[in-house]
Amino acid sequence: MRSNSRRHELLASASHIVEHLGMEKLTLEAVAKHAGVSKGGLLHHFPNKEAIVTAMIEEFGDTFFSELQQKSSESNEVGKWSRAYIETTFHDPQTTAALSTALLAVLFSKPELLAVYNKKNNVLQEEILNDGIDPVNAAIIKLATDGLWFSEIFGVGILDQDIRDQVEERLMKMSFEAK
């Protein structure tokens, strides 16, 4: 268990570096220093930077999708996957921030690893589209939620809080509209 805990700490340090300093500052030395371990301690878990980035997208992606699955399992109503996606993306900053940094790290260092995330995202997309609501509304919910999330990741076109709240309210309302 301690080994998994240390591994998670190392990935959290890598995520912090990407989020606050940028991808170019993500080095083995920087991760070790931020996590308070020796470089050898880091190498025990991750032999190179690529292994860190790969682990980030796998672990943070799994956490994000597990959170969605857990939230969607709390309801049998139509639109449960859409609402889980909205709720997680809008209100779980720790989970979405970790996934955001993992996606950025992958995009800037090893874009082919996006396939790992994309495979899970395609399953999610199918769950949302087959969620019992109008498929066009479901697609709009997914695309609008993604758009808001990505605008916040990149700091471009960020909505003020009032409009953001209204967008969320409208998307949630759409998620209850059965076919």
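Keep in mind that what you see is a predicted model, and the values were worked out from it rather than measured.

Caption draft 1: Just a nonpolar patch on the surface, in detail. Nonpolar side chains collect at one region of the surface, where Leu107, Phe108, Phe150, Phe154 and Val156 lie side by side and expose about 510 Å² of accessible area between them. If you list the elements that add at least two residues to the nonpolar patch, you get helix H6 (93-109) and helix H8 (135-154). For Phe150, the position within the fold is in helix H8. Taking relative accessible area as the criterion, Phe150 reaches 34% and is therefore assigned partly exposed.

Caption draft 2: Expanded view of the packing of aromatic side chains. By the definition in use, this model includes five aromatic pairs. For the pair Phe64 and Trp149, a centre-to-centre distance of 5.6 Å together with 15 degrees between the ring planes defines the contact as stacked. Here Trp149 lies in helix H8 and Phe64 lies in helix H4 (residues 49-72), a separation of 85 residues in the sequence. In this pair, the class of Phe64 matches that of Trp149, namely buried. Centre to centre, the rings of Phe65 and Tyr117 are 5.6 Å apart; their planes meet at 40 degrees, and the pair counts as tilted. Separated by 52 residues along the polypeptide, Phe65 in helix H4 and Tyr117 in helix H7 (residues 114-129) bring together distant segments of the chain. Given a relative accessible area of 12%, Phe65 falls into the buried group. Looking at Tyr117, the relative accessible area reads 10%, which means it is buried. Here the aromatic cluster, defined as three or more aromatic residues joined through ring pairs, consists of Phe64, Phe65, Tyr85, Tyr117, Trp149 and Phe150.

Caption draft 3: Here's a closer look at the nonpolar core. Core analysis: the largest hydrophobic core is formed by 47 residues, its most contacted members being Leu26, Val31, Leu42, Ile52, Met56 and Leu68. Looking at this core, the element that brings in the most residues is H4, giving nine residues. For Val31, the residues in contact, after removing those within four places along its chain, are Leu10, Ser13, Ala14, Ile17, Leu26, Leu42 and Ile52.

Caption draft 4: Main features of the packing of H4 against H7. Interhelical geometry of H4 versus H7 gives an angle of 10 degrees and a closest axis separation of 10 Å. Of the possible angle classes, the one that applies to H4 and H7 is roughly parallel. Taken together, the residues of H7 that come into contact with H4 (itself represented by Ile57, Glu58, Asp62, Phe65 and Leu68) are Val116, Tyr117, Lys120, Asn121 and Leu124. Among the residues making up the contact of H4 with H7, the classes are represented as six nonpolar, one polar and three charged.

Definitions and limits used
- Residues numbered from 1 in each chain as written.
- Predicted model: local features only at pLDDT ≥ 70, side-chain atom pairs only at ≥ 80, totals over all residues.
- Heavy atoms only, no water.
- Patch = residues over 30% accessible without salt bridge, like charges linked within 9 Å, V, L, I, M, F, W, Y side chains within 5 Å.
- Areas by Shrake-Rupley, 256 points an atom, 1.4 Å probe, with all protein chains shown as cover.
- Salt bridge = Lys/Arg side-chain N within 4 Å of Asp/Glu carboxyl O.
- Helix = DSSP H or I, 4+ residues; strand = E, 2+ residues; numbered from the N terminus.
- Buried < 20%, exposed > 50% of the residue type's maximum accessible area, 1.4 Å probe, protein only.
- Phe/Tyr/Trp six-rings, centres within 6.5 Å; stacked < 30°, edge-to-face > 60°.
- Core = buried A, V, L, I, M, F, W, Y, C linked by side-chain atoms within 4.5 Å.
- Contact = heavy atoms within 4.5 Å.
- Axes fitted to C-alpha atoms, helices over the stretch in contact; angles between N-to-C directions.
- Parallel < 35°, antiparallel > 145°, perpendicular 65-115°, else oblique.
- Nonpolar A, V, L, I, M, F, W, Y, C, P; charged D, E, K, R; others polar.

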